[in-house]
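Chains, contacts and geometry: an overview
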Amino acid sequence: MPSTAREYTEQVEDQILAPWAAKSRQSRGRLVPEEECPLRACYQRDRDRIIHCKSFRRLKQKTQVFLSPEGDHYRTRLTHTLEVNQIARTIARALRLNEDLTEAIALGHDLGHTPFGHAGERALDKLCPGGFKHYQQSVRVVDKLEKNFQGLNLTWEVRNGIICHTRGKWAATLEGQAVRYADRIAYINHDIEDAITAGVLSPQALPAEIVQVLGNTKSRRISTLIQDLVANSGARGLSFSPLVGEAYEALHDFMYSTVYVDKEAKREEQKVEKVIAELYERMLEDPGLLPDGFLQIAYQEGADRAVTDYISGMSDEFAIRMFEDLFVPKKWHVL
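Here we summarise the structure given alongside this text.

Turning our attention to the packing of helix H9 (residues 174–197) against helix H12 (residues 242–257). Relative orientation of the contacting elements H9 and H12 amounts to 45°, with a least axis distance of 11 Å. In terms of axis orientation, H9 runs oblique to H12. Crossing angle aside, the handedness with which H9 passes H12 is left-handed. Side by side, H9 and H12 meet where Arg 184, Ile 185, Tyr 187, Ile 188, Asp 191 and Ile 192 of the first sit next to Tyr 248, Glu 249, Leu 251, His 252 and Met 255 of the second. Looking at the contact of H9 with H12, its residues break down into seven nonpolar, one polar and three charged.

Written as structure tokens, this is what we have:
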């Protein structure tokens, strides 16, 4: 009989999860070994550490697609993360995968994203020696920058899922693969909804051949994609059927040729590069502007690395406020 709540959870996993699911007791472990928690299995601890970290809270003020939109119903990086988490858990439960691992990867996958969405990422990629990729930065956040530069010390499986969530090689676990598909399902559909809300896209503009396969509403498209993915996935990996996969890629291409390049929606993006570049160069010239922990990184790994870490962690509002403090003259109040 299990003597702790954690051991009971691990026993339940052995009984109900698919043979190819990632079991907590089979984890490759952490960078720094730790004593096990009596209540929570290892992936549950990782999920909780991510939810309670500062980088997760800052996601609420980071752009998803539309920069500084007026209105309360547009997605932010945080709401995107929650939608990815919900879809990924639905997939994991249907396939009898480890929901705790899936949730930890989903909640942590964008912790390293820049302010101003992908416009900010492109700006930093031009400035940072060696380039900048948010999925690599997300792992750096959990390994080094979080918890006062001690890192969260997450399990190998969560870290692997985070760095493989968007491109390149696939995650080693099916749970990580589920998050990668969930990210794609979430962003393409909520971006359509946000674009319609913003008046950038008409509901009737979606190509008929795509609508015929995936559906004519957000709910139907998401349901179609999830159900097709579950039906065509198994021990060897996750995948869409050829018909649905082709429809998804066509929808992806349609969005990149319309919404993601819309001049009205993206007119502010040219300002993003200036804000990021000015902050970067100014702090590179004067590393003393960096907080103490980032100064230590500058001494150990170079000023470029420290400035990149600092800027990538900023919220949209903080980056704008710092830009104003450094470059916009203030009124002189004469008494």
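Attention now moves to helix H13 (residues 269–285). Its 17 residues give H13 an end-to-end C-alpha distance of 25 Å, which sits within 8% of 24 Å, the value for a rise of 1.5 Å per residue. Taken together, the buried positions of H13 are occupied by Glu 269, Val 272, Val 275, Ile 276, Leu 279, Tyr 280 and Met 283. Buried residues along H13 cover an arc of 120° about the axis, so they all sit on one side. The exposed residues of H13 that point more than 90 degrees off its buried face are Gln 270 and Glu 285. If you follow the buried residues of H13, they end up packed against helix H6 (117–127), helix H15 (303–312) and helix H16 (316–327).

Attention now moves to the side chain of Thr 155. With respect to the element layout, Thr 155 can be found in the loop between helix H7 (134–149) and helix H8 (156–163). Separated by 2.6 Å, the side chains of Thr 155 and Asp 46 make a polar contact. The residues touching Thr 155, leaving out its near neighbours within four places in the chain, are Ser 27, Gly 29, Arg 30, Cys 42, Tyr 43 and Asp 46.

Rules behind the numbers
- Residues numbered from 1 in each chain as written.
- Predicted model: local features only at pLDDT ≥ 70, side-chain atom pairs only at ≥ 80, totals over all residues.
- Heavy atoms only, no water.
- Axes fitted to C-alpha atoms, helices over the stretch in contact; angles between N-to-C directions.
- Helix = DSSP H or I, 4+ residues; strand = E, 2+ residues; numbered from the N terminus.
- Parallel < 35°, antiparallel > 145°, perpendicular 65-115°, else oblique.
- Left-handed = near helix turned anticlockwise from the far one by under 90°.
- Contact = heavy atoms within 4.5 Å.
- Nonpolar A, V, L, I, M, F, W, Y, C, P; charged D, E, K, R; others polar.
- Expected span 1.5 Å × (residues − 1).
- Buried < 20%, exposed > 50% of the residue type's maximum accessible area, 1.4 Å probe, protein only.
- Arc of directions from axis to C-beta.
- Polar contact = N/O pair within 3.5 Å; in protein donor to acceptor, adjacent residues only side chain to side chain.

Remember, this is a structural readout, not a statement about activity or role.
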